[in-house]
Every structure is written in structure tokens, then in C-alpha cells.
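Letter by letter, the chains look like this.
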Amino acid sequence: MKNLLLLLIFIPSLVFAQDRLPTRDQQGGQQQTQTDSLAKAPIEDYKIISVESDTTFVDTTLNIHKDYKFNYRRKDNFELLSFSNTGQTYNSLSLRRETDKLMPGFVAGARHFGFMEVEDIYYYRVPTPLTELYFKTVAEQGQQLDAFFTINTSDRVNFSLAYKGVRALGKYQHQLTSTGIFRTTLNYQTLNRKYQLKSHFVSHKLMNQENGGFNPQAMEQYINKEEEFEDRSLLEMNFENAQSTLYGKRFYLDHLYHLAEPRPDNTSALTFGHIFNFDYKKFQFEQANVMNNIFGESFDSANLNDMVRLEELTNEAYARFTNEVLGDLKAKASITTYNYGYNTVYYTTEGRIDNRLKGTNYAAGGEYENSLGGFSVKADAMLSFGGDFNANYLNASAAYAFNEENEIEFGFNQNSRLPDYNFMLYQSNYLNYNWQTDFDNVNTQQLYFKSNSEKLADIDAEITQVQNFTYFGLNEEGMVKPFQHDDQLRYFKLKAYRGFDLGVFGFDNTIMYQNVLDGTSVLKVPAFVTRNSAYYQDHWFRRALFLQTGFTFKYFSEYEANAYDPVLAEFYVQNEMEIGNYPVVDFFFNGKIDQTRIFFKLENVNSLINGNNNFVAPGYPYTDFLIRFGLVWNFFM
């Protein structure tokens, strides 16, 4: 919260420092300075720029998709199953693979759902100062806030400040979440636009108390819906003395130089650029007293403190040649140094477990983009040619637009890289959580097809094949260990979306079908996932208020969901308990007044009729009935 205080202190002085940027009137006439005009800048002038330089603008409309994204992640959670308290983790309802990475991922995968990666950071260009405030209530005692401010101090310089924080006690014992993410960005270009720069700094602290889920007695009380335990704080958890925290800091810089001044009439251009990315991450698991009956023997009997760190520095240089006939061609090369590990070396009866993985990797590749015969063609490839890790990826796609309402895209993704660091090397106070493996690269191939049609439906289909699939599972003694699947894994997913209006009524439907063709013992997902919304929408009070109100129905079929391990902050494969096959109905009442969107929701209203004994993972309960309120408020100064 200290960062948020600084943000609120500096905003007033920044507001008065900005001169309004020149804009064009809506008839396309000459530029005028808004200081000399009472006219407001059009919303299209408030630019949002991605790390790939794709540009959109601020959207203050209200629609059903805004309701889906009104959550802690600020993203649609259709393929995720959220734990009962805000800021906790999510169980996955589908297979999710990254296809453009060369380096292994860090530990604590369950903590990274709320972690802001490079592609989650945006840059801005605004004619006047812009502020956005996000607020939403939590299950019990706390709140969540995302405060954002951006300003152009001149036409060529923009920076932004933001703080995202959550503190929520939760309805069950020992499940407090306390998270904070501070971020700041800089977007700059010289007067002739030859030199351009995008940079950001992000700092994370994501803390969750760990309780291990229900103990055996509480599990029965919850499943049997015993009335005296409708007060969820009375249900006993496995333990109440542990917490895990993921820390992260990143400094990112992407700057480039055009040999010639960028102009619309230029048919060719040559650009040189450099990307600097420094990541520091730390994961810490603390427990006051050991739970040997759950996690096995330990070195210490009290004050456990497992800690692992990663420092990763990447320098990438690139040259881009753009021609209106030949297309956009980019050559790139990178050097990455990494330092992952612990401060101790561990000797077991099976041998030595090192304390550190450290080295340097070299890679080179290229990108290509062009329009050929009506098709928009893209390709991106990278290959490691030296260092400690061998890795490569290739992503290629082609898209064709029949008209403004109908388009198709198909593509191929291939990736080969080592599994995450915690599969290769891990140390803990618990003896069973110490290992060093010699796993092979995980090789992933994916074919996909997308079809977008406003009058028919949007369809996404993919078939994924994985060799050497890595996962956490239970060994013969019932302890969590890393494994690598010897056989091939094949997975098919088909998702269809259709939204339409009938007068003042709206309908929004998404359905997903999945089938694990090979590898059902290591990959378990529900066969069907569906979400359907029916709502009324109209302008009220002489168009001063636009409202949407209705119901959203969610359902996924029964399957053996992965279980959660608090020591690793990872999910692992289990085959003892099935969850799912239960409907969830939410009632929402959302409204828009000027640039303010107000959200009111009754979550899981059907549990008022038949109670709730559903799970999101073995031992972890689904959210009970809740009344939630919040808003997103934009200020244009």
C-alpha cells in the first residue's frame, strides 16, 4: 500500500504539468490545441499499445464480456476454476501450453496466475491525463483495488503508474491473501520519431496463507451439508501455520532506431533495436510446525523456511526490414544468463543434490509477416545454438478475411525446451521434496484453426501432441514427486462461441469439448465446459443509464481434477476423487453512467436452494453464495 500512497501523492502535480496534446476535429480539419477549445478529445485518441506495438484505444462501453473480466486477474476465467478466496490460485479446466519460450519457467506455477508477465504490460499515449480505478469486494473482510494513472508530459513522452492490491480474509480458516503489484511504464520517441523506447518496471509480492484443505472429519461435514457448519469458519483444516509468498521484480527496455524518418509514403524501412529484460523471482514457503503425517519426514521440527531464487537476464538485438512488397522481415539474436537455486547442497543415500543451476544460453531466429494473395502470413522462429539448454520454437499462421464479418486463421506451433526449474532441481525442509532429475526436453506440436463469423459462430479447434510431458504426481509411497511421461500425449480441444441480441434481450454462449486421445493417466480435463448468459439490456432515465441484468449459467462435466500441493504451490495428478457435474448460476445487475461501469452480482445463487458441497480441487471447497459489488471508473481530465 506504500506504493499506492506515493501514486496518489504525485498524481495531482502531474495533472497540472501536462499540456493537452493536439487533436483533430471530427470533420478531419486542421489541428487545434484543446487548451484553446472546450471540445473533448475523442476516445480514439487515448491509445493503448502492446509490447508488440499493436494499438487499441480506451473502451468505456459496457457489455457481457466486461462482466466476465471483472475479477482479480482482469481476464476471462472461462477455462479456469477459481478457489474460494480472492487472490488464491486457479485449477485448470484445459491444457495450457506456451509455444514461444526457450527458457524453463520458475517454480510455484499455481502462484503465477496473478503474476504480470511482459505481455501483460501496456504502454500509452493520451491527449489528457487518464485515470482508471477498479474496485471489488471480496468474500470476507477486505477489498481489491487496481488504480492506474497515465499522462503525456508532451506529445512524445508518456508514463504511467499503477498499483494492484488485494487483502482478503476468506470464509475458511487460515486462507488470508495479501497481494500487491506496483508497475510503471515509459513510452518515448524523438521529435523525428527515429528513436523510440518502451520500458517498464514491475514489482510483485503475492502472499497466500496455506491450510492444506479440509481434514478428513471436515471433509465429511462439508460433503454431508451439516447445518451447523454453514458457518465455514467452524470447519477444521489440515493445518493453520503455513504461508507461501511469490516475489518478483522485472525491468524491461525495448528501444529501436529507424535509419530513415518514419513516413506514410516510405515504401521501405530499416530498423535496429535492442531488448533488455532482467527478471528476479523468489518463492518462499514458511511453516511454524511441521506436518509429517501429510508431507513426510523433515530436517527441522519447527520454523520451516524453504526459499528459492531465480535471476535471469536477456539481451536481444534485432534488425527489421520492411517493404510494401516483400513484407516485414526481422532477424534477432539473444544472450540469456540464468542463476537458479539454493544456498545449500544436500546429500542423500542416492547421491548429491546440487544447490544451483547457472549458465548462459545463446539463441538466434527471425520473424516474417506479409500479405500474400489475400492471406496475412506470420512466422516466428528461434533456436538455441550454444549454452547449457537446447531449445527451439516455430510458430506459423495464415489468416484470410472474406469480409468484415467473416475470417479464418490456421497455424502450426512447435516448441522444445526443458521443463520448469522445479522439475529439475528442488530442495525443501521436507525430505521427500528434495530431488535433482535429468529430464529430457518437452516437445510440443500444435495444429489449430480459428473461424470468426458474426452471423454464425466463432470456432477454435486445436490438436496438441506432447512428447516427454512432465507433471507432478504421487509415487508408490503417496508422496508428490516430478515425473516425465514415457509415451506420447495427444489432446483435442474444440471451443465455440455465439452471442446475439433479440431486441432488448441478449444471449451469450460458449461451449468447449475436450478429449485426451493418448495420455489419460497424466492429463485429466473435463469433457465439456459451458457458460451461457441470458440478460436484459436497455437505456434508462433518458439514456443517462445503460444497464444489463440477467443470469449466467456455468457447468463442467465430472473429472479427476488435479490436487493442490501447498509446499510446491503446484497442482499434481491424482486418481482418487472426481469433482464437477454441478451447475453454478450467477445473477448480475450491471450499469454504466458516463465513464463509470458498476457491477453487482449474486454468485452461486442456486446454492441457496440446495446448499453447496462442491469442490475446485480435492479438499478445497467451491465458493458459497456471495454478494459482490464493484466498479470501474475512468477519469478524463
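Reading the values: the criteria
- Residues numbered from 1 in each chain as written.
- Predicted model: local features only at pLDDT ≥ 70, side-chain atom pairs only at ≥ 80, totals over all residues.
- Heavy atoms only, no water.
- Phe/Tyr/Trp six-rings, centres within 6.5 Å; stacked < 30°, edge-to-face > 60°.
- Helix = DSSP H or I, 4+ residues; strand = E, 2+ residues; numbered from the N terminus.
- Buried < 20%, exposed > 50% of the residue type's maximum accessible area, 1.4 Å probe, protein only.
- Lys NZ or Arg CZ within 6 Å of the ring centre and 35° of its normal.
- Core = buried A, V, L, I, M, F, W, Y, C linked by side-chain atoms within 4.5 Å.
- Contact = heavy atoms within 4.5 Å.
- Patch = residues over 30% accessible without salt bridge, like charges linked within 9 Å, V, L, I, M, F, W, Y side chains within 5 Å.
- Areas by Shrake-Rupley, 256 points an atom, 1.4 Å probe, with all protein chains shown as cover.
- Salt bridge = Lys/Arg side-chain N within 4 Å of Asp/Glu carboxyl O.
- Lys, Arg positive; Asp, Glu negative; His and termini not counted.
- Charge placed at Lys NZ, Arg CZ, Asp CG, Glu CD.
- Pairing = 2+ DSSP bridges.
- Axes fitted to C-alpha atoms, helices over the stretch in contact; angles between N-to-C directions.

(A) Structural view of the packing of aromatic side chains. Scanning the entire structure with this criterion turns up 48 aromatic pairs. Each ring, one from Tyr222 and one from Phe615, has its centre 5.2 Å from the other, and the planes form 75°; the classification is edge-to-face. In this pair, Tyr222 sits in helix α3 (residues 216–223) while Phe615 sits in strand β37 (residues 615–617), placing the two residues 393 residues apart along the sequence. Owing to a relative accessible area of 1%, Tyr222 belongs among the buried residues under this scheme. Here Phe615 falls in the buried class, since its relative accessible area comes to 5%. Considering the side-chain rings of Tyr338 and Tyr421, the 6.4 Å spacing of their centres and the 40° angle between planes classify their relative orientation as tilted. With a gap of 83 residues between them, Tyr338 in strand β16 (residues 327–341) and Tyr421 in helix α5 (residues 421–424) connect regions that are remote in the sequence. One Lys or Arg, Arg73, reaches over the ring of Tyr90 and ends 5.7 Å from the middle of that ring. When the ring centre of Phe115 is taken as origin, the NZ or CZ atom of Lys281, which lies over that ring, is 4.6 Å away.

(B) Main features of the nonpolar core. If you look at the biggest cluster of nonpolar residues, it comprises 88 residues, and the most contacted ones within it are Phe283, Tyr340, Tyr421 and Tyr430. Setting aside chain neighbours within four positions, we find Tyr421 in contact with Met103, Pro104, Gly105, Phe106, Leu310, Glu312, Tyr338, Tyr340, Leu357 and Phe389. Judged by nonpolar contacts, the second largest core, of 12 residues, contains Leu95, Val466, Leu489 and Tyr491.

(C) A negative patch on the surface, seen in detail. A grouping of Glu52, Asp54, Asp100, Glu119 and Glu369 is seen on the molecular surface, where their side chains present a negatively charged patch. Mapped onto the secondary structure, Asp100 falls in the loop between β6 (90–92) and β7 (123–125).

(D) Fine view of the pairing of strand β15 (residues 302–323). Pairing of strand β14 (residues 268–289) with β15, which is carried by 21 bridges, proceeds in the antiparallel orientation. Following the sheet pairing, Thr271 is matched in β15 by Arg320. Relative to β16, β15 is paired through 15 bridges, and the arrangement is antiparallel. Bridged to Arg320 within β16 is Lys330. Between β15 and β16, which follow one another and run antiparallel, lie three residues.

(E) Spatial organisation of the sheet that holds strand β4 (residues 55–57). Read from one edge of the open sheet, three strands run β4-β3-β7, paired in antiparallel fashion. Bordering the open sheet on either side are β4 and β7, each of which pairs with just one other strand. For this sheet, the mean inter-axis angle between neighbouring strands, taken without regard to orientation, is 30°. Across three bridges, strand β3 (residues 47–49) lies against β7 in antiparallel orientation. Within the sheet, the bridge partner assigned to Ile49 lies in β7 and is Tyr123.

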